[in-house]
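Listed below are the residues making up each chain.
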Amino acid sequence: MGVYDVNGDGKADVVTSLDAHGWGLAWYEQKRDAQGNISFVQHMIMDDYGTQKENAGGVAFSELHAVNFADMNGDGIPDMITGKRYWSHNADYLDPDPFGPPVLYIYKTVRDPKAPGGARFVPELVDNRSGVGSTVLPVDLNKDGAIDIVTGTKLGTAIFWGKPHAAAKK
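None of these values were measured; they are calculated from a predicted model.

**Some remarks on the overall build of the protein chain**
Next up, step 1: When helices and strands are tallied, the protein chain shows 0 helices and 12 strands.
Next up, step 2: Its helices and strands taken in sequence order, the protein chain reads β-β-β-β-β-β-β-β-β-β-β-β from the N to the C terminus.
Next up, step 3: On the principal axes, the C-alpha backbone points of the protein chain span a range of 50 × 40 × 25 Å.
Next up, step 4: Across the 170 residues that make up the protein chain, the buried fraction comes to 47%.
Next up, step 5: For the protein chain, restricting intrachain contacts to residue pairs at least 6 apart in sequence, the fraction spanning at least 24 positions comes to 42%.
Next up, step 6: Looking at the protein chain as shown, the accessible area adds up to about 8,700 Å², and 52% of this sits on carbon and sulfur atoms.
Next up, step 7: One way to put it: in the protein chain the 16 positive side-chain charges average out to a point 4 Å from where the 22 negative ones average out.

Right, here's the structure in full:
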């Protein structure tokens, strides 16, 4: 779960997976009424295979066991790093898609006044053989100014080296 101003309206929003052993990824836009009462509006980013066409980028995967946040493209806005945990309960079908590819994605946060809530998430596939396990760590390991991604899974530990960017990409 992450808390940051997704749409740039000055209010903290929430971005989270919906079920670590199931489906779903959403962000919750914070709203305030005239009296200052806080409420949240759900904006789905990704659901199951049945909604794949409506999902951001047409992407669908289950078991988002880990989510973390870092500015991956240098635009000053946090982006989400997540993916599928492979075989959470081994090959027993307690989870909805145990044999689905163990993917790792960056979801770039894009502020867009035409999108519901004023923001959208653009998925970028990093890897389709590692997944995220129970944690995913964005960190500049080699001190080159680029965020690297470290994952530890049932398939091993992986490091994905980031590339420094000259200017922010939106």
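There is more to say after this.
**A closer look at the sheet that holds strand 1 (residues 2–4)**
Next up, step 1: What the 4 strands build is an open sheet, ordered 1-2-3-4; its pairing is antiparallel. The open sheet has two free edges, formed respectively by strand 1 and strand 4 (38–46), since each of these has just one partner strand. When strand polarity is set aside, the average angle formed by the axes of neighbouring strands in this sheet is 20 degrees.
Next up, step 2: Here strand 1 runs beside strand 2 (residues 13–17); their pairing, made up of 3 bridges, is antiparallel. Each residue of the ladder has a partner; that of Tyr4, found in strand 2, is Asp13.

**Regarding the sheet that holds strand 9 (residues 119–127)**
Next up, step 1: Spatially, 4 strands are ordered 5-6-8-9 in an open sheet, and the strand pairing comes out antiparallel. Lying at the two open borders of the sheet, with one neighbouring strand each, are strand 5 (67–70) and strand 9. Each strand of the sheet is rotated relative to its neighbour by a mean of 25 degrees, with strand direction disregarded.
Next up, step 2: Note: strand 6 (residues 79–83) against strand 8 (residues 104–111), 4 bridges, orientation antiparallel. Opposite Thr82, over in strand 8, you have Tyr105 as the bridge partner.

**Observations regarding the nonpolar core**
Next up, step 1: Residues Val15, Ile45, Phe61, Met80, Tyr107 and Phe121 are the most contacted members of the largest nonpolar core, which totals 20 residues.
Next up, step 2: Once residues within four sequence positions are removed from consideration, Met80 is found in contact with Val15, Leu25, Ile45, Val67, Asn68, Phe69, Tyr105, Ile106, Tyr107 and Phe121.
Next up, step 3: With 11 residues, the next largest nonpolar core counts Ala70, Ile81, Ile149 and Phe160 among its residues.

About the criteria used
- Residues numbered from 1 in each chain as written.
- Predicted model: local features only at pLDDT ≥ 70, side-chain atom pairs only at ≥ 80, totals over all residues.
- Heavy atoms only, no water.
- Helix = DSSP H or I, 4+ residues; strand = E, 2+ residues; numbered from the N terminus.
- Buried < 20%, exposed > 50% of the residue type's maximum accessible area, 1.4 Å probe, protein only.
- Contact = heavy atoms within 4.5 Å.
- Areas by Shrake-Rupley, 256 points an atom, 1.4 Å probe, with all protein chains shown as cover.
- Lys, Arg positive; Asp, Glu negative; His and termini not counted.
- Charge placed at Lys NZ, Arg CZ, Asp CG, Glu CD.
- Pairing = 2+ DSSP bridges.
- Axes fitted to C-alpha atoms, helices over the stretch in contact; angles between N-to-C directions.
- Core = buried A, V, L, I, M, F, W, Y, C linked by side-chain atoms within 4.5 Å.

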